[in-house]
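The chain contents come next:
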Amino acid sequence: MKAIGSDLTSPQYAALVLIKENPRIDQATLAGAIAFDRATIGGVVDRLVSKGYVERTTNPKDRRARVLLLTAAGETTLAQLKPVVQKCQSSILPSLSAKEQEEFIRLAAKVAAAENANSRAPLLKVRSNGGLEQ
């Protein structure tokens with residue numbers, strides 16, 4: 001990110017991707033979807049709001065909850081960074097064939113899933129209705 005002049009962190013990038021894929025996602029759901037605790041995700045979102053990438057508003061259905069939307073600047077930034085992230089991801093395991101990379105990812109995901117419940121902030125999946133599931 002620094003090489004292209006961006007100060008976006010990995011958690012901030014993950015948050016932008018999830019907000020784009022799930023417009024009006026609430027902060028608590030976002031936290032579970034990227035395996036961060038609620039206190040930490042608040043800081044991540046604060047920084048994205050201050051950078052002008054995310055708009056945070058009150059959920060009309062639950063005044064205690066905050067919902068998130070990408071701004072035009074957030075959309076543009078995400079579009080600019082996506083190729084950089086994809087290039088980085090493809091360079092992580094260069095000594096493995098494509099098939100070996102798939103197998104490595106599959107095994108790493110299996111280990112992560114098996115230990116997910118023991119995590120301080122378990123990764124949760126976002127349902128199509130906006131809820132979370134383990």
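Quick summary incoming for the structure in this document. (Residues numbered from 1 in each chain as written. Predicted model: local features only at pLDDT ≥ 70, side-chain atom pairs only at ≥ 80, totals over all residues. Heavy atoms only, no water.)

Looking now at the overall build of the protein. What the protein contains, in helices and strands, is five helices and five strands. In the protein, the order of α-helices and β-strands from amino to carboxyl end is α-β-α-α-β-β-α-α-β-β. Going through the 134 residues of the protein one by one, you find that 29% of them count as buried. Surface summary for the protein: the accessible area is close to 8800 Å², and the carbon and sulfur share equals 55%. (Helix = DSSP H or I, 4+ residues; strand = E, 2+ residues; numbered from the N terminus. Buried < 20%, exposed > 50% of the residue type's maximum accessible area, 1.4 Å probe, protein only. Areas by Shrake-Rupley, 256 points an atom, 1.4 Å probe, with all protein chains shown as cover.)

Let's shift gears to the sheet that holds strand β1 (residues 25-26). Read from one edge to the other, the open sheet built from three strands follows the order β1-β3-β2, with strand pairing classed as antiparallel. With partners counted over all chains shown, the strands left at the sheet margins are β1 and β2 (54-59), one partner each. Relative to strand β3 (residues 62-70), β2 is paired through six bridges, and the arrangement is antiparallel. In the strand pairing of β3, E55 is matched with L69. Docked against the sheet, helix α1 (residues 10-21) engages β1, β2 and β3, running at close to 100° with respect to β3. Strand contacts of helix α3 (residues 38-50): β2 and β3, with the helix running at about 120° to β2, the strand carrying the most contacts. (Pairing = 2+ DSSP bridges. Contact = heavy atoms within 4.5 Å. Axes fitted to C-alpha atoms, helices over the stretch in contact; angles between N-to-C directions.)

Any two side chains of opposite charge can pair, so long as their charged atoms come close to each other. Counted by the stated rule, this structure contains five salt bridges. The partner of D46 in a salt bridge is R56, with the nearest N and O atoms 2.8 Å apart. Of this pair, D46 sits in helix α3 while R56 sits in strand β2, and the two are ten residues apart along the sequence. For R56, a relative accessible area of 29% corresponds to the partly exposed category. The salt bridge involving R64 is made with D62; its shortest N-O contact spans 3.1 Å. Residue class for R64 comes out exposed when judged on its relative accessible area of 74%. (Salt bridge = Lys/Arg side-chain N within 4 Å of Asp/Glu carboxyl O.)

Here the focus is the side chain of N59. Of note, N59 is situated in strand β2. For N59, a relative accessible area of 16% translates into the label buried. Leave out the neighbours within four places in its chain, and N59 touches A65 and V67.

Shape descriptors only; they carry no functional weight alone.
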